[in-house]
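# Structural features, examined
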Amino acid sequence: PVYAHVDRAACIACGLCQMLAPKLFEYDQEGIASYCPDENTGTVPLTGEQLIDFKLAYRRCPTGAIQRSEQPFTQA
Ligand code: F3S
């Protein structure tokens, strides 16, 4: 399985991820992204369909703020 999470401290609000994967990313008022299907908790595995879009954004994020893991992310 693949889990997704945005390191919001590393996001520079570039806007690419939502352009590439509009169903997966949303922005707060400052434009900082979060992974919306699981409210950025990184605890719900992506479906195959989500993974296709996710990979586009994951590869293109300029700061590496979009993270992926084969294990659920633990809450800080
Ligand atoms: Fe932020 Fe990267 Fe998206 S910088 S807006 S998480 S593409």
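Residues numbered from 1 in each chain as written. Predicted model: local features only at pLDDT ≥ 70, side-chain atom pairs only at ≥ 80, totals over all residues. Heavy atoms only, no water.

Under the defined criterion, the tally for this structure stands at one salt bridge. Across the salt bridge formed by Asp 28 and Arg 8, the nearest N and O atoms sit 2.8 Å from each other. Of this pair, Asp 28 sits in the loop between β2 (25–27) and β3 (33–35) while Arg 8 sits in the loop between β1 (3–6) and α1 (16–20), and the two are 20 residues apart along the sequence. For Asp 28, a relative accessible area of 28% corresponds to the partly exposed category. (Salt bridge = Lys/Arg side-chain N within 4 Å of Asp/Glu carboxyl O. Helix = DSSP H or I, 4+ residues; strand = E, 2+ residues; numbered from the N terminus. Buried < 20%, exposed > 50% of the residue type's maximum accessible area, 1.4 Å probe, protein only.)

What follows is about the nonpolar core. Core analysis: the biggest nonpolar cluster contains 20 residues, and Val 6, Phe 25, Tyr 35, Leu 46, Phe 54, Ala 57 and Ile 66 have the highest contact counts within it. Among the secondary structure elements, those contributing two or more residues to this core are β1, α1, β3 and α2 (48–60). Once residues within four sequence positions are removed from consideration, Tyr 35 is found in contact with Ala 4, Val 6, Leu 24, Phe 25, Asn 40, Leu 46 and Gln 50. (Core = buried A, V, L, I, M, F, W, Y, C linked by side-chain atoms within 4.5 Å. Contact = heavy atoms within 4.5 Å.)

Now for the site of the ligand. What surrounds the ligand is the set Cys 11, Ile 12, Ala 13, Cys 14, Gly 15, Leu 16, Cys 17, Tyr 27, Ala 33, Cys 61, Thr 63 and Ile 66. By residue class, the composition of the shell around the ligand is 10 nonpolar, two polar and no charged. (Near = heavy atom within 4 Å. Nonpolar A, V, L, I, M, F, W, Y, C, P; charged D, E, K, R; others polar.)

Scanning the entire structure with this criterion turns up four aromatic pairs. Where Phe 25 meets Tyr 35, the ring centres are 5.9 Å apart and the plane angle is 70°; that geometry is what we call edge-to-face. In this pair, Phe 25 is assigned in strand β2 and Tyr 35 in strand β3, connecting sequence segments 10 residues apart. Its relative accessible area of 1% is what places Phe 25 among the buried residues. Residue class for Tyr 35 comes out buried when judged on its relative accessible area of 1%. Measuring from centroid to centroid gives 6.4 Å for Phe 25 and Phe 54, while their planes differ by 20°, and the two rings are stacked. Here Phe 54 lies in helix α2 and Phe 25 lies in strand β2, a separation of 29 residues in the sequence. Like Phe 25, the residue Phe 54 is buried in the burial classification. Members of the aromatic cluster, connected to one another through ring pairs, are Phe 25, Tyr 35, Phe 54 and Tyr 58. Directly above the ring of Tyr 58 sits Arg 68, whose terminal nitrogen or CZ lies 5.7 Å from the centroid. (Phe/Tyr/Trp six-rings, centres within 6.5 Å; stacked < 30°, edge-to-face > 60°. Lys NZ or Arg CZ within 6 Å of the ring centre and 35° of its normal.)

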